[in-house]
Amino acid sequence: MDIFSEAAKLESENRPFAIATILQARGSTPRNSGRMLIRSDGSSVGTVGGGPMELFVLEQAQEAIAAGESRTVSRDLIPQGETAVGMDCGGTMEVHIDVVRGQQRLVLVGGGHVNLALAEAAALLDFDLTVVEDRPDFATSARFPMARRIHCRPDILAALKEAEIDEKSAVVIATSADDLKVVKDCLQSPAFYVGMLGSKRKVARALSELRAAGVEKELIAKLKSPIGLDIGAETPAEIAVSILGELLALLSGRSGGGLQGLVHDLVVIRGAGDLATGVAWRLRRSGFRVVCLEIDPPTVIRRSVSFASALIDGSIEVEGIKAVGTGTVEDVYRILEEGHIPILADPEAKSLEVLKPAVLVDAILAKRNLGTRPDMAPVTVALGPGFSAPEDVDAVVETNRGHSLGRVILRGAAEANTGVPGKVGGESAKRVLRAPQAGIFESRAEIGDLVKAGDLLAIVGEKEITSPFDGLVRGMLRGGIEVSEGFKVGDVDPRGAEVDWQTISDKARAVAGGVLEAILYLRSRA
């Protein structure tokens, strides 16, 4: 069977598939070139050489088809090793897997004015359209020339069965037939989206009847009705735009809210260390768009819970929220659109001229003000000592452990810096590791390691840094960074294995709560 003939057939049937192509073969390999088509069920046409490597490509292709994203994979054709595929050839193969996703499927139950307008609009967006009707006059190719399939039967449920609704189908119900049986049937289908056109009164009656009919509440919760975004739609064309807007927002994982929020709810945080990350995380979870500004390279030590790490690693995810590093303001808006937190290399906050945030938070924690002013944004908040409200910022949030941690200060300053870290597990200053001299820092332990007193943790020049006591390495500066004498390079927690070093700390959460309170209070007062 010819690969390209099969690809054309699958494309005409709107079925997803992938084509795997050998990009590069180095050393001894079964083939130097080859191409293979893989269907979503794992069946294939063609070959990339057979054996374990081909099985690996088949698995990767099925994953790529399910994710809807192309990828490139590479494996060593050797028996063992992290990148081994279990072969004895000895060479290396690199294969590109190109996914053809097919069109998004939209099933319109009913061929009236609204669904006709919806079909016309959806066709412009390249949807794969199916029309289901029980009225022959409303189910013609002349009326719906853009539809790939039209199913018309006196029994509309029979027509629905012919439509073969699957898990990739979105269904819009706007029919004069018995809505209840149609809705019930569609809710029991694998469709990922089921919407019903109707007034609030009609929807309330339908929901009541579905409950009375014994339909499971999980299925009823699946129903989108009234359908569409709230844009004041009245005409069929306006309603079609409203419905498509809701559907597109769902498909892209967006809120469907106005883009105005990108400016009006934009928060810029100076700093992206562990406390700043706690603030950014909570604000993002609360619906704000957040951008963090950092030095490059960052000198944070609690790297596993610091968004600043994205500037070196490209990205980092902390408790389900992803941050992406960038060096340009232009990338910031793209990263925000993707639903992530941009970490911009901009310690001097020059990007504020372009970003013009609604809120500015100084979370540098330098124990002094490095240039933040109240005129930099409509709302300004700072963490810890070095700031006084309202002279330097609109509000200060207490960062010293104790009864006032996280308190919002509208007049005055946070507690003065004592120079002594707060006690954790009975230890204070000893738990903080500092550079014994100036030089290049090199770590000898990883964050999360359990260590004993005297264990070698790092080196600066020729001088060693050892663990002051038994515990867990909670923070460690990235190796290769030049430090000055006394520079904070690590943190050992005496509580040992009980320490959760992979999630945001209790202190960061408390401070983040104070920042959120300050922002909401100051915005409500404006």
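See the structure printed just above.
Note that the coordinates shown come from a computational prediction; the quantities given were computed from them, not determined experimentally.

Rules behind the numbers
- Residues numbered from 1 in each chain as written.
- Predicted model: local features only at pLDDT ≥ 70, side-chain atom pairs only at ≥ 80, totals over all residues.
- Heavy atoms only, no water.
- Helix = DSSP H or I, 4+ residues; strand = E, 2+ residues; numbered from the N terminus.
- Buried < 20%, exposed > 50% of the residue type's maximum accessible area, 1.4 Å probe, protein only.
- Areas by Shrake-Rupley, 256 points an atom, 1.4 Å probe, with all protein chains shown as cover.
- Lys, Arg positive; Asp, Glu negative; His and termini not counted.
- Charge placed at Lys NZ, Arg CZ, Asp CG, Glu CD.
- Expected span 1.5 Å × (residues − 1).
- Pairing = 2+ DSSP bridges.
- Salt bridge = Lys/Arg side-chain N within 4 Å of Asp/Glu carboxyl O.
- Phe/Tyr/Trp six-rings, centres within 6.5 Å; stacked < 30°, edge-to-face > 60°.
- Lys NZ or Arg CZ within 6 Å of the ring centre and 35° of its normal.
- Polar contact = N/O pair within 3.5 Å; in protein donor to acceptor, adjacent residues only side chain to side chain.
- Core = buried A, V, L, I, M, F, W, Y, C linked by side-chain atoms within 4.5 Å.
- Contact = heavy atoms within 4.5 Å.
- Axes fitted to C-alpha atoms, helices over the stretch in contact; angles between N-to-C directions.
- Patch = residues over 30% accessible without salt bridge, like charges linked within 9 Å, V, L, I, M, F, W, Y side chains within 5 Å.
- Parallel < 35°, antiparallel > 145°, perpendicular 65-115°, else oblique.
- Left-handed = near helix turned anticlockwise from the far one by under 90°.
- Nonpolar A, V, L, I, M, F, W, Y, C, P; charged D, E, K, R; others polar.

A. Quick peek at the overall build of the chain. Check the secondary structure of the chain and you find 14 helices and 30 strands. Seen through its principal axes, the chain has C-alpha atoms that stretch 85 × 70 × 45 Å. For the chain, the proportion of its 526 residues judged to be buried stands at 46%. Counting only carbon and sulfur atoms, one obtains 49% of the accessible surface of the chain, whose full area is about 25000 Å². In the chain, which carries 60 positive and 72 negative side-chain charges, the distance between the mean positions of the two groups comes to 4 Å.

B. Structural context of helix 10 (residues 274-285). The terminal C-alpha atoms of helix 10, which comprises 12 residues, lie 16 Å apart, in line with the 16 Å expected from a rise of 1.5 Å per residue. Looking one or two residues past helix 10, Gly287 carries a phi angle of roughly 105 degrees, positive in sign.

C. Highlighting the pairing of strand 18 (residues 379-383). With five of five residues buried, strand 18 lies mostly within the body of the structure. In terms of strand pairing, strand 17 (residues 359-362) meets strand 18 through four bridges, oriented parallel. Pairing of Leu360 across the sheet is with Thr380, part of strand 18.

D. Summary view of the pattern of salt bridges. Counting across every chain of the model gives 22 salt bridges. In this structure, Asp128 and Arg149 form a salt bridge, with 2.4 Å as the shortest nitrogen-oxygen distance. Residue Asp128 is found in strand 7 (residues 128-133), and its partner Arg149 is found in strand 8 (residues 149-152); the two are separated by 21 residues along the sequence. Overall, the relative accessible area of 1% leaves Asp128 in the buried class. What makes Arg149 partly exposed here is its relative accessible area of 23%. In this structure, Arg205 and Glu209 form a salt bridge, with 3.2 Å as the shortest nitrogen-oxygen distance. On the criterion of helical spacing, the pair formed by Arg205 and Glu209 is a turn pair, its members being four residues apart in helix 6 (residues 200-212). Residue classification places Arg205 among the partly exposed residues on the basis of a relative accessible area of 45%.

E. The arrangement of the packing of aromatic side chains in detail. Taken as a whole, this structure holds one aromatic pair when the rule is applied. Both rings, one in Phe192 and one in Tyr193, keep their centres 6.5 Å apart while their planes meet at 50 degrees; by these two values the pair is tilted. Residue classification places Tyr193 among the buried positions, given a relative accessible area of 1%. When the ring centre of Trp281 is taken as origin, the NZ or CZ atom of Arg509, which lies over that ring, is 5.7 Å away.

F. Focus on the side chain of Ser309. Relative to the helices and strands, Ser309 is located in the loop between strand 13 (289-294) and helix 11 (310-313). Of note is the side chain of Ser309, whose polar atom sits 2.9 Å from the backbone oxygen of Arg303.

G. Here's a closer look at the nonpolar core. The biggest cluster of nonpolar side chains holds 42 residues, and the ones touching the most others in it are Ile269, Leu283, Phe307, Ile341, Ile343, Val381 and Val515. Broken down by element, this core gets its largest block of residues, eight residues, from helix 14 (residues 506-525). Beyond its immediate stretch of four places on either side in the chain, Phe307 contacts Ala272, Thr277, Ala280, Trp281, Ile316, Val318, Ile321, Ala323, Ile341 and Ile343. Membership of the second largest hydrophobic core comes to 23 residues, among which are Val107, Val182, Val183 and Leu187.

H. Structural detail: the sheet that holds strand 17. Strands sit in the order 14-15-16-13-12-17-18-20-21 across an open sheet of nine strands; the sheet is mixed. One side of each edge strand has no neighbouring strand; the edge strands of this open sheet are strand 14 (315-318) and strand 21 (408-409). Across five bridges, the pairing between strand 12 (residues 266-270) and strand 13 is parallel. Paired with Val267 across the two strands is Val290, which belongs to strand 13. Across the sheet, helix 10 lies against strand 12, strand 13, strand 14, strand 15 (321-326), strand 16 (341-345) and strand 18, angled at about 175 degrees from strand 12, the strand it touches most. Against the sheet, helix 14 touches strand 17, strand 18, strand 20 (395-397) and strand 21, its axis set at about 160 degrees to strand 18.

I. Local environment of helix 2 (residues 51-67). Compared with an ideal rise of 1.5 Å per residue, which puts 17 residues at 24 Å, helix 2 spans 25 Å between its outermost C-alpha atoms and is within 8% of the ideal. Along helix 2, the positions that sit buried rather than exposed are Met53, Glu54, Phe56, Val57, Leu58, Gln60, Ala61, Ala64 and Ile65. Where helix 2 is buried, its residues contact strand 1 (17-26), strand 2 (35-39), strand 3 (44-47), strand 4 (71-76) and strand 5 (92-100).

J. Up close: a nonpolar patch on the surface. On the surface, a nonpolar cluster with roughly 540 Å² of combined accessible area is contributed by Leu124, Leu125, Phe192, Leu248, Leu250 and Leu251. As for its placement among the helices and strands, Leu251 is situated in helix 8 (residues 236-252).

K. Spotlight on the packing of helix 5 (residues 179-187) against helix 6. Look at helix 5 against helix 6: their axes get within 10 Å of each other, and the N-to-C directions meet at 65 degrees. In terms of their interaxial angle, helix 5 and helix 6 are classed as roughly perpendicular. You can see that helix 5 and helix 6 cross each other, and the crossing is right-handed. Across from Asp179, Leu180, Val183, Lys184 and Leu187 in helix 5, the residues of helix 6 making contact are Lys202, Ala206, Glu209 and Leu210. Taken together, the residues that form the contact of helix 5 with helix 6 break down as five nonpolar, no polar and four charged.

L. Just the sheet that holds strand 25 (residues 450-451), in detail. Spatial strand order, 23-30-28-25: four strands in an open sheet with antiparallel pairing. With one partner strand each, in any of the chains shown, strand 23 (432-434) and strand 25 form the two edges of the open sheet. Bridge count between strand 25 and strand 28 (residues 471-476): two bridges; the pairing is antiparallel. By the bridge assignment, Leu450 is partnered in strand 28 with Leu472.

M. Quick look at the packing of helix 3 (residues 113-124) against helix 8. Closest axis-to-axis distance for the helix 3/helix 8 pair is 8 Å, and the angle between their directions is 60 degrees. As far as their axial angle goes, helix 8 and helix 3 are oblique. For the element pair helix 3 and helix 8, the recorded crossing hand is right-handed. On helix 8, the residues that touch His113, Val114, Ala117, Leu118, Ala121 and Ala122 of helix 3 are Pro236, Ala237, Ile239, Ala240, Ile243 and Leu244. Of the residues in the contact of helix 3 with helix 8, the class split is 11 nonpolar, one polar and no charged.

N. Structural view of unusual backbone geometry. Cis geometry marks the peptide bond from Asp296 to Pro297; its omega dihedral reads 5 degrees. In this structure, Pro297 sits in the loop between strand 13 and helix 11. Ala389 connects to Pro390 through a cis peptide bond whose omega is 5 degrees. Secondary-structure assignment places Pro390 in the loop between strand 19 (388-389) and strand 20. Positive phi outside glycine occurs at Asp126, with the angle close to 65 degrees. As for its placement among the helices and strands, Asp126 is situated in the loop between helix 3 and strand 7. With phi around 70 degrees, Lys367 is a residue other than glycine that occupies positive phi space. Residue position: Lys367 is located in the loop between strand 17 and strand 18.

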